[in-house]
Amino acid sequence: MHRDWLDPYLLDVKAVFDSVEERLRQYPDSLAGHALEQLRLLNPLRGDSGHSCIGYITPLWMQYTEGFPPDQARQLSAACLLHMMYFLNLDDVMDEPTEDAVLKLSLGNLCYVDALQLYNALFESSSVFWNHFRQVLQDWAVSVNGELQADYFQRNPLLIAQKASPTQLGVIGSLLLLEQPDRIPSVCGALNIVLMTLQMTDDFTDTKMDAVHGNYNSYLSHLSTALQQEYPTSHVLKESIHHNVYNSQLMNSYADIAQHFNDIIASSNSALPQFVVLNSYLCNSLVQAIQEIEQRKKRLYRGGFHYWISEPQSGPSNTGQADSV
């Protein structure tokens, strides 16, 4: 499959990862190896990275769609990638604290300092960029602290994009350097739809894991509302939620929400072309994941033996995951 949002930009992506790798090699020996391994796992040139490129690639897109100077695009993209590594380490510790929490936090902070250094080289201290910087980090902080007390998905599905709000810095920085600050609200609005759809696809894939760990999950929120139950009231979900995870009507109505916003971004004059293509792919991935579940259900209804001979023995498909974007 040709990834229109990634494949044409792989040379630029390689340059960005090479520049970040050079920085990470300067870290203390006790941290450099871990940092380089994390970078390798993020690199889409080394197979399925398991992570989204949306966190750092928007300046590279705008190099071609908006005439953003290549040197600045790559420098801003590198800053976004380092910033992304900081948040990934922080998120890991918040989601599942483990014995390597100290390593992740200390490594993340080194990445954060390097990201700030690159941002500072592009934006003077008086730049409005820093006002935006504070705001998106504040939005992120409010989101991650509030999602277990407030059902964001039911208030407004776009609110689940807030915990990825630092991703907006690539767009904001690019538009400021292009001297087009008036476009920031509309382009970031389109980006938020992509971030929402990405979160919806991830949540659908991670439903059972999130139910176990008590993480906020937009699909579980959707199920709870449909079944007239509060979510989240506690980490323990009622049996009726578990019994309806693969309810056809509820899965399809969840996908309908994503499709509604896909129609909005497809008709938008503000969205980058790559936003439109990527969001459509994510919606299709969600629909395909639901269709595969429906097919497996039909095989089960026909009988165990028919299911056994028709189901690939390597395990179920993972089409629902959108991480490779």
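Shown above is the structure to which this text applies.
None of the values given here were measured: they were computed from a predicted structure.

A.B. asks: How would you summarise the overall build of the chain if you had to cite specific residues and measurements?
C.D. replies: Along the chain, the regular secondary structure elements total 15 helices and zero strands. A burial count over the chain gives 49% of its 325 residues as buried. Long-range contacts, defined as pairs at least 24 residues apart, comprise 71% of the intrachain contacts of the chain with a sequence gap of at least 6. Approximately 15700 Å² of the chain is accessible, and the part contributed by carbon and sulfur atoms is 51%.

A.B. asks: Now, about unusual backbone geometry: what can you tell me, with residues and values included?
C.D. replies: A negative phi angle is the norm for most residues apart from glycine, just as the trans form is the norm for most peptide bonds. Even without glycine at this site, glutamate 179 takes up a positive phi of about 60°. For glutamate 179, a relative accessible area of 69% corresponds to the exposed category. Positive phi outside glycine occurs at glutamine 228, with the angle close to 60°. A relative accessible area of 76% means that glutamine 228 is categorised as exposed.

A.B. asks: Mind laying out the pattern of salt bridges, listing which residues take part and the relevant values?
C.D. replies: Within the structure shown, the criterion is met by ten salt bridges. Residues arginine 40 and glutamate 37 are paired through a salt bridge, measuring 2.7 Å at the closest nitrogen-oxygen approach. A residue pair is termed a helical-turn pair when its members lie 3 or 4 positions apart in one helix, as arginine 40 and glutamate 37 do in helix α2 (residues 29-42) at three residues. A relative accessible area of 35% means that glutamate 37 is categorised as partly exposed. Members of the salt-bridge network, linked through shared partners, are Asp92, Asp100 and Lys104.

A.B. asks: Describe helix α5 (residues 101-122), and please don't skip the residues or the numbers.
C.D. replies: Between its first and last C-alpha, α5 extends 32 Å over 22 residues, near the 32 Å set by a 1.5 Å rise per residue. Listed in full, the buried residues belonging to α5 are Ala101, Lys104, Leu107, Gly108, Cys111, Tyr112, Asp114, Ala115, Leu118, Tyr119 and Leu122. Taken together, the buried residues of α5 touch α1 (10-24), α2, α4 (70-95), α6 (129-146) and α8 (168-177).

A.B. asks: Describe the packing of aromatic side chains, with residues and values.
C.D. replies: Geometry of an aromatic ring pair is reported as the spacing of the ring centres plus the angle between the planes. Overall, the coordinates contain 19 aromatic pairs when judged by the stated rule. Taking the centre distance of 5.0 Å and the plane angle of 70° together, the rings of phenylalanine 204 and tyrosine 219 count as edge-to-face. Of the two residues, phenylalanine 204 is situated in helix α9 (residues 184-205) and tyrosine 219 in helix α11 (residues 218-226); the sequence distance between them amounts to 15 residues. Residue classification places phenylalanine 204 among the buried positions, given a relative accessible area of 9%. The exposure class of tyrosine 219 is buried, given its relative accessible area of 0%. Through a chain of ring-to-ring contacts, the aromatic side chains of Tyr119, Phe123, Phe129, Trp130 and Phe133 assemble into a single cluster.

A.B. asks: I'd like a rundown of the nonpolar core, residues and numbers included.
C.D. replies: By size, the foremost hydrophobic cluster in this structure holds 97 residues, and its most contacted members are Tyr119 and Phe275. Aside from chain neighbours lying at most four places away, what touches tyrosine 119 is Leu76, Ala79, Cys80, His83, Phe129, Trp130, Phe133 and Leu169.

A.B. asks: An account of the packing of α1 against α2 is requested, with residue identities and associated values reported.
C.D. replies: At a minimum axis distance of 9 Å, the contact between α1 and α2 shows a crossing angle of 165°. Regarding the angle of α1 to α2, the classification is roughly antiparallel. Here the hand of the crossing between α1 and α2 comes out right-handed. Contacts from Phe17, Val20, Glu21 and Leu24 in α1 reach Ala32, Ala35, Leu36, Leu39 and Leu42 in α2.

A.B. asks: Give me the environment of phenylalanine 87: which residues, what numbers.
C.D. replies: Tracing the backbone shows phenylalanine 87 in helix α4. Taking the relative accessible area as the measure of exposure, phenylalanine 87 reaches 8% and is therefore buried. In this structure, the C-alpha to C-alpha distance between phenylalanine 87 and tyrosine 112, residues 25 residues apart in sequence, is 8.7 Å. Apart from the residues lying within four places of it in its own chain, the contact partners of phenylalanine 87 are Leu137, Trp140 and Pro166.

A.B. asks: Please provide a residue-by-residue account of the side chain of serine 143, values included.
C.D. replies: Mapping serine 143 onto the fold places it in helix α6. A polar contact is formed between the side chain of serine 143 and the backbone nitrogen of lysine 163, at a distance of 3.4 Å. The contact partners of serine 143, leaving out residues within four places of it in the chain, are Tyr152, Leu159, Gln162 and Lys163.

Criteria and thresholds
Residues numbered from 1 in each chain as written. Predicted model: local features only at pLDDT ≥ 70, side-chain atom pairs only at ≥ 80, totals over all residues. Heavy atoms only, no water. Helix = DSSP H or I, 4+ residues; strand = E, 2+ residues; numbered from the N terminus. Buried < 20%, exposed > 50% of the residue type's maximum accessible area, 1.4 Å probe, protein only. Contact = heavy atoms within 4.5 Å. Areas by Shrake-Rupley, 256 points an atom, 1.4 Å probe, with all protein chains shown as cover. Salt bridge = Lys/Arg side-chain N within 4 Å of Asp/Glu carboxyl O. Expected span 1.5 Å × (residues − 1). Phe/Tyr/Trp six-rings, centres within 6.5 Å; stacked < 30°, edge-to-face > 60°. Core = buried A, V, L, I, M, F, W, Y, C linked by side-chain atoms within 4.5 Å. Axes fitted to C-alpha atoms, helices over the stretch in contact; angles between N-to-C directions. Parallel < 35°, antiparallel > 145°, perpendicular 65-115°, else oblique. Left-handed = near helix turned anticlockwise from the far one by under 90°. Polar contact = N/O pair within 3.5 Å; in protein donor to acceptor, adjacent residues only side chain to side chain.

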